[in-house]
Amino acid sequence: MRLAYITAATTAVAALAFLVPLGWGLRNDHRDAAIATAKERASAVAGAITAGADAKGVAAARRLAGGDTVIHTPGIAPAAGGRASAAQIDAATQASGPIEATVDGGMVVLRYSPAGGKHSVVEAFIPAAELNKDTARDWWLLLGLAVFLVGGSVVVVDRLARGAVNSARNLVDAALAVGSGDLDVRITPSGPRELAEAGYAFNRMADRLVTSRTDERELVADLSHRLRTPLTALRLDAEALDPDDTQIGDFSAAELDRRRGIRRIRTAITTLEDEVNHLINTTRQAVAAQVAAPEDGLCDASEVVRERMMFWSALAGDQDREYRVVGAHLRIPVPVARAELAAALDAVLGNVFRYTPQGTAFEVGLSRRDGWVALRVDDAGPGIADPEQALRRGQSNQGSTGLGLDIARRVAQATGGSVSLDRAAMGGASVVMLLADADATPKTPSRFGLVGRGRLAAAKDPGRRRWQRGRE
């Protein structure tokens, strides 16, 4: 609004500086035209007198000249009907050409005409209305032009300034949003070149902030994963210190102290491992929230399997475990966030390392069929005695059981799928996560959309038996 006021004032001053002289010049042009016409009339009548025309000829010349003309004789009183004074008439006799004089009601043009021994002064009267003819119209036109110029300049400046103001306002709003923690805000650079450059710079800054925060969180997650590998090995070594730690009997004080120390070490390792797992999960959630891919809630299951197996391969090598990855060479999209699927797979693989002896082989398989994706983890361990009990949260026997299955089950159920337990072809436990295929609609949602119930579910479900036979 302030810019509009300044523009209006500036344009008004410029218009006045230009239009006032123009109006005054137009007024003078009208006066000069009227005076020139009067001079022509006076000269025509004076010429007739000089040529020696009689009274009829002079009268005819006056009619042809038009207007109001009067003939005065110098030295005597002015003729009737004339407006010039005796002094003005005498002054005309001294001039070599026509003269102009102001009188009541307008102006007169006096022209001296000597004719033999007779002297005459012709008076042509110009009314004030004729002198100012069209002057008022010209001033109104100029005033309208000034108003148009001022209004037009305000409109044009408002249009131009509106884009700049909107660009600046968008930039300010985006900066406030970033300051509040919303790093997904981007703006479309617009407006003047300087503001457009500022918009591009803001977008680059926001991208760098996202990249920096992502790198920071990924670094924390990577460090946490690196900590979990030696922690897992340390826990396994601590558990191997005394496999019969629950044996009851009479022990010496030193033996009791040793057993208590082992329990404390196990407890401390478990606590530390829980904290590391919590840190990993928290970091994943933060990264997923800060950097959402265009396919938010989608991930490539094959890519997740390959990435997580690169992590677990180091621990498998330390424990002499043979492993194999099957079916993870093609892209298989599933409607699960990448961090959540990785956490579920880590939970199931962590159970394999936790509850099977060192040197036990395992296999991770990935397949798709009838609109479903099966993520399978088999091991050659002792297996699971009671699959139904193992699927209950917080309860476990021997084999791949516990809270990890609950995490996997919640991830699978979020897609309408399920988790099932069975005997693996390798002899141990087989954990299968059924996930919906993001590229296809499941053909049997009522069959595979329920939570699996181990071998019991496979026995009652012919479709699941076909799935099991197909993957084996």
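The preceding data block contains the structure.
Since the model is a prediction, treat every value here as computed from it, not as a measurement. (Residues numbered from 1 in each chain as written. Predicted model: local features only at pLDDT ≥ 70, side-chain atom pairs only at ≥ 80, totals over all residues. Heavy atoms only, no water.)

1. Considerations on the overall build of the chain
When helices and strands are tallied, the chain shows 14 helices and eleven strands. Counting only residues that meet the buried cut, the chain has 40% of its 472 residues in that class. Here the analysis covers contacts within the chain between residues at least 6 apart in sequence; of these, 67% occur between residues at least 24 apart. (Helix = DSSP H or I, 4+ residues; strand = E, 2+ residues; numbered from the N terminus. Buried < 20%, exposed > 50% of the residue type's maximum accessible area, 1.4 Å probe, protein only. Contact = heavy atoms within 4.5 Å.)

2. Regarding a nonpolar patch on the surface
A contiguous nonpolar surface patch, about 410 Å² in accessible area, is contributed by Leu 16, Val 20, Trp 24 and Trp 139. By residue number, the principal contributor to the nonpolar patch is helix α1 (residues 2-50), which donates three residues. Note that Leu 16 resides in helix α1. For Leu 16, a relative accessible area of 54% puts it in the exposed group. (Patch = residues over 30% accessible without salt bridge, like charges linked within 9 Å, V, L, I, M, F, W, Y side chains within 5 Å. Areas by Shrake-Rupley, 256 points an atom, 1.4 Å probe, with all protein chains shown as cover. Salt bridge = Lys/Arg side-chain N within 4 Å of Asp/Glu carboxyl O.)

3. Some remarks on the nonpolar core
Here is a general trend for soluble globular proteins: nonpolar side chains tend to be buried in one another's company. Val 305, Val 334, Leu 341, Leu 349, Phe 362, Val 364 and Leu 375 are the most contacted members of the largest nonpolar core, which has 39 residues in total. For this core, the secondary structure elements donating two or more residues are α8 (301-318), α9 (338-355), β8 (362-369), β9 (372-379), α11 (403-414), β10 (418-423) and β11 (429-436). With residues near it in sequence (within four places) discarded, Leu 375 still touches Val 305, Leu 341, Leu 345, Val 364, Gly 365, Leu 366, Val 431, Val 432 and Met 433. (Core = buried A, V, L, I, M, F, W, Y, C linked by side-chain atoms within 4.5 Å.)

4. Some thoughts on the pattern of salt bridges
One pass over the structure, following the stated rule, counts 14 salt bridges. Of the charged contacts, one joins Arg 308 and Asp 346 as a salt bridge, the two residues approaching to 3.0 Å between their closest N and O atoms. Linking Arg 308 in helix α8 with Asp 346 in helix α9, this pair joins segments that are 38 residues apart in sequence. Exposure class is identical for Arg 308 and Asp 346. Each is buried. Note that Arg 376 is salt-bridged to Asp 378, the shortest N-O span being 2.7 Å.

5. Points about the sheet that holds β8
Whether parallel or antiparallel, the strands of a sheet pair through hydrogen bonds between backbone atoms. Spatially, the five strands line up as an open sheet ordered β6-β8-β9-β11-β10, and their pairing is mixed. Of all strands in the sheet, those with a lone pairing partner are β6 (323-326) and β10, marking the two edges. Adjacent strand axes in the sheet meet at a mean angle of 15° when their direction is disregarded. With eight bridges joining them, β8 and β9 adopt antiparallel strand pairing. In the sheet register, Phe 362 faces β9, and the bridge partner there is Asp 379. α9 contacts β8, β9 and β11 of the sheet and is inclined by roughly 20° relative to β9. (Pairing = 2+ DSSP bridges. Axes fitted to C-alpha atoms, helices over the stretch in contact; angles between N-to-C directions.)

6. Focus: empty space enclosed by the protein
According to the stated counting rule, one finds one cavity of 30 Å³ or more in the structure shown. The volume enclosed by the largest cavity comes to roughly 50 Å³. Of all elements in the fold, only α5 (135-179) and α6 (193-239) reach the threshold of two or more residues within the lining of the largest cavity. Among the elements that make up the lining of the largest cavity, the one with the highest residue count is α5 (three residues). Within the lining of the largest cavity, the residues separate by chemical class into four nonpolar, five polar and no charged. (1 Å grid on protein atoms, 1.4 Å probe; cavity = no way out; pocket = protein on both sides within 12 Å on 5 of 7 lines; lining within 4 Å. Points joined across faces, edges and corners; volume = space filled by probe spheres on them. Nonpolar A, V, L, I, M, F, W, Y, C, P; charged D, E, K, R; others polar.)

7. A short note on the packing of aromatic side chains
Geometry of an aromatic ring pair is reported as the spacing of the ring centres plus the angle between the planes. In total, this model carries four aromatic pairs according to the counting rule given. Between Tyr 323 and Phe 362 the ring centres are 5.7 Å apart and the planes differ by 15°, which places this aromatic pair in the stacked class. Of this pair, Tyr 323 sits in strand β6 while Phe 362 is found in strand β8, placing the two residues 39 residues apart along the sequence. The exposure class assigned to Tyr 323 is partly exposed, which follows from its relative accessible area of 38%. Their ring planes at 65° and their centres at 5.5 Å tell us that Phe 353 and Phe 362 sit as a pair that is edge-to-face. Residue Phe 353 is classed as buried on the basis of its relative accessible area of 0%. Put simply, the rings of Phe 311, Trp 312, Tyr 323, Phe 353 and Phe 362 touch in pairs and so form one group of aromatic residues. It is Arg 321 that lies over the ring of Phe 353; its NZ or CZ is 4.8 Å from the centre. (Phe/Tyr/Trp six-rings, centres within 6.5 Å; stacked < 30°, edge-to-face > 60°. Lys NZ or Arg CZ within 6 Å of the ring centre and 35° of its normal.)

8. Some words on the side chain of Thr 356
Looking at the element boundaries, Thr 356 is found in the loop between α9 and β8. Taking relative accessible area as the criterion, Thr 356 reaches 5% and is therefore assigned buried. Polar contacts involving the side chain of Thr 356 include one to the side chain of Arg 321, which spans 2.9 Å. Here Thr 356 is in contact with Arg 321, Asn 351, Asp 379, Gly 381 and Pro 382, once residues within four sequence places are set aside. (Polar contact = N/O pair within 3.5 Å; in protein donor to acceptor, adjacent residues only side chain to side chain.)

9. Focus on the side chain of Arg 321
Relative to the elements of secondary structure, Arg 321 occurs in the loop between α8 and β6. Nearest to the buried, unbridged Arg 321 among oppositely charged side chains is Asp 379, at 7.5 Å. Within the structure, the side chain of Arg 321 is placed 2.7 Å from the side chain of Gln 319, a separation counted as a polar contact. Looking at Arg 321, its side chain comes within polar contact range of the main-chain oxygen of Thr 360, at 3.1 Å. Excluding its chain neighbours within four sequence positions, the residues that come into contact with Arg 321 are Ala 316, Val 352, Phe 353, Thr 356, Pro 357, Gln 358, Gly 359, Thr 360 and Phe 362. (Lys, Arg positive; Asp, Glu negative; His and termini not counted.)

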